[in-house]
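Residue-level listing of the chains:
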Protein chains: 2
Amino acid sequence: MVKRLIEEIIKKNAPIVAGLDPVLGYVPEHILKEAFEKYGETLEGAAEAVFQFNKGIIDAIYDLVPAVKPQIAMYEQFGIPGIATFKKTVDYCKEKGLIVIADAKRGDIGSTSAAYATAHLGKVQVGSKSYSAFDADFVTVNPYLGSDGINPFIDVCKKEDKGIFVLVKTSNPSSGEFQDKVFEGRPLYELVAEKVAEWGSQCMDGTYSNVGCVIGATYPEMGKALRKIMPDNYILVPGYGAQGGTAKDLAGYFNDDGLGAIVNSSRGIIAAYKQEKYSKYGQENYAEASRQAVLDMKEDINSVL
Amino acid sequence: MVKRLIEEIIKKNAPIVAGLDPVLGYVPEHILKEAFEKYGETLEGAAEAVFQFNKGIIDAIYDLVPAVKPQIAMYEQFGIPGIATFKKTVDYCKEKGLIVIADAKRGDIGSTSAAYATAHLGKVQVGSKSYSAFDADFVTVNPYLGSDGINPFIDVCKKEDKGIFVLVKTSNPSSGEFQDKVFEGRPLYELVAEKVAEWGSQCMDGTYSNVGCVIGATYPEMGKALRKIMPDNYILVPGYGAQGGTAKDLAGYFNDDGLGAIVNSSRGIIAAYKQEKYSKYGQENYAEASRQAVLDMKEDINSVL
């Protein structure tokens, strides 16, 4: 699957992921109004509003970006209708040729991790039939439980040609509380990175592995060091834009081949119309604002490569 | 919420949680047959089978146990119908007076963690109305992202009188890969435990905190040491029974007041009829086998307190 991701990155000349992390506060009034008229101020109404909001953005940017990253938490909060919108969003993105990274940060052990892997990447057996529950292309995974948590995902990745991104160093201010603790001279995030390289070596897909990692844009020095520990693992980089990471911070996340990293922006793309810079578009044309934000981000990131 | 948990533990004289982690392989043939006749070999059929299986067990044990712990991964693998069964299971357990611990091991940062907390414990605002998406009483949380990941859960716990259990030392063999790494003479799980004590102090509910932790039954020496670091935090203990933890391993997880820990068994209860010991019940009477397994577990755990 990482091979397909790379093909799409090269084709679109954009090592960019659009984070589909909608909150109702981002949804323009005309979309909210229509959804609430149809379903009332209910979970169904909220889920419909979120789907129509997503659809507008996807239609406006699918030719520019290789991948999207829906954050499942934002859908889970609207219960079953929310999860149904998550699934509809995944399906719609795939129809448009986009690669879908389910940002779910799942992680458990043994048969439970296997169930998560099945849910998000694999197929579940029901009697004589099998079904894909959510069918994303990649899913983000939490490493705290060790190999017992990761191996079941790798099994599904091998079987279905899918991928994972394992959290190594997250973009948030308190990520250092545990991730930066130093063990025999080396921080925990480096130990996790070594494991990612090891897990990834079982799961190569061309020159890169289907096991990638997450390193926040807000820690560029660490990004550079980790790049060397995991030369074959794609880095999914959150924290660009709204969280403070800039393009010049990101050069060290890429390999000399110009590949190896994909940079996410969520709010910066999906709520672009709320920024001063794109305010001329207005609520009605929120999706065009998102398109312009992608074009600007693409130029910004490519300027350092 | 932990106060209510303690009341129920005392009333039922059972520091026990029944883990509702169904797989289709546990569901007796007569239930599967009926569900597939109604819905076909579909995700809906699987979800219906799982719900009827759960219902049988809940009806048989709700007077014996204070709490249940549905493992959401097992439901997620059946997609939206699976999640609907998760929700129906939570609701049915609450109708029966049971406390529900959603085993979801969620964890992210900022607004994303807030969305997970809202989804599983809180209420989401939709226009002028608010709704509970899943409405469990407790949820399990992964600490890898630090305080930024935990604080949004604590905010919801305070507002709604709910609780969390933070992973400290998990029961699986590879849990040591990261959790046991020693930083300045102290293993990571102890550093996490100290943070749990700190987070928990903001969120007391009587003599215990609404912030608890997870420590596997398979590491009794660590359990004893961690008990001292977190005297006010309830310990949710997985790994008893099927994973190899025994009652005598568990004494050190409890405080001198006989409280402070609640022991989970999943397979050991819900698939009891598959064990040699309970085989006389047969598939048809699987729920009675589960009831007997709970009675036996209760006696076993209470024998060491």
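K.L.:
An account of the interface of chain B and chain A is requested, with residue identities and associated values reported.
P.N.:
The partner chain A presents 58 residues to the 59 residues of chain B that form the contact. Across the side of chain B that touches chain A, the residue classes break down as 30 nonpolar, 19 polar and 10 charged.

K.L.:
Can you tell me about the nonpolar core, naming the residues and giving the values?
P.N.:
The biggest cluster of nonpolar side chains holds 229 residues, and the ones touching the most others in it are V166(A), V168(A), V237(A), V166(B), V168(B) and V237(B). Each of two domains, domain 1 (1-102) and domain 2 (137-233) of chain A, supplies a minimum of three residues to this core. Leave out the neighbours within four places in its chain, and V166(A) touches V141(A), P143(A), I150(A), V196(A), V211(A), C213(A) and V214(A).

K.L.:
Describe the domain arrangement of chain A, with residues and values.
P.N.:
Residue and element names in this part refer to chain A. Segmenting chain A into domains produces domain 1 (1-102) and domain 2 (137-233). In this structure, domain 1 and domain 2 have C-alpha centres spaced 25 Å apart. With eight residues of domain 1 at the interface, the matching set in domain 2 holds 13 residues. With four residues, strand β3 (residues 99-106) is the largest single contributor of residues to the side of domain 1 that touches domain 2. In terms of residue class, the side of domain 1 that touches domain 2 is made up of seven nonpolar, no polar and one charged.

K.L.:
Give a description of the relation of the copies chain B and chain A that names residues and reports values.
P.N.:
Mapping chain B onto chain A is achieved by rotating through 180° and translating by 0.0 Å along the same axis, at an RMSD of 0.0 Å. The operation mapping one copy onto its partner corresponds to a two-fold rotation axis. Proximity to the rotation axis, assessed at the C-alpha, singles out F183(B) in chain B; its C-alpha lies 2.4 Å from the axis. Of all interface residues in chain B, 98% are interface residues in chain A too; the two copies therefore contact each other through one and the same surface.

K.L.:
Go over helix α1 (residues 2-12) of chain B with me, naming the residues and quoting the values.
P.N.:
Residue and element names in this part refer to chain B. Listed in full, the buried residues belonging to α1 are V2, L5, I6 and I9. Along α1, the residues classed as buried sweep out an arc of 95° about the axis, all on the same side. Just downstream of α1 lies N13, where phi reads positive at about 50°.

K.L.:
Provide a residue-level description of unusual backbone geometry, including the pertinent values.
P.N.:
Phi at N13(A) takes a positive value of approximately 50°, unusual for a residue other than glycine. Assignment of secondary structure puts N13(A) in the loop between α1 (2-12) and β1 (16-20). By C-beta crowding, N13(A) is classed as exposed, having 12 other C-beta atoms within 10 Å. Within the chain, D161(B) stands out as a residue other than glycine whose phi angle is a positive 50°.

Reading the values: rules and limits
Residues numbered from 1 in each chain as written. Chains lettered and ligands numbered in written order. Predicted model: local features only at pLDDT ≥ 70, side-chain atom pairs only at ≥ 80, totals over all residues. Contact = placed C-beta atoms within 7 Å. Nonpolar A, V, L, I, M, F, W, Y, C, P; charged D, E, K, R; others polar. Core = buried A, V, L, I, M, F, W, Y, C linked by C-beta atoms within 7 Å. Buried ≥ 20, exposed ≤ 12 C-beta atoms within 10 Å, placed from the backbone. Domains from an automatic or database assignment. Helix = DSSP H or I, 4+ residues; strand = E, 2+ residues; numbered from the N terminus. Least-squares fit on C-alpha atoms with pLDDT ≥ 70 in both. Arc of directions from axis to C-beta.

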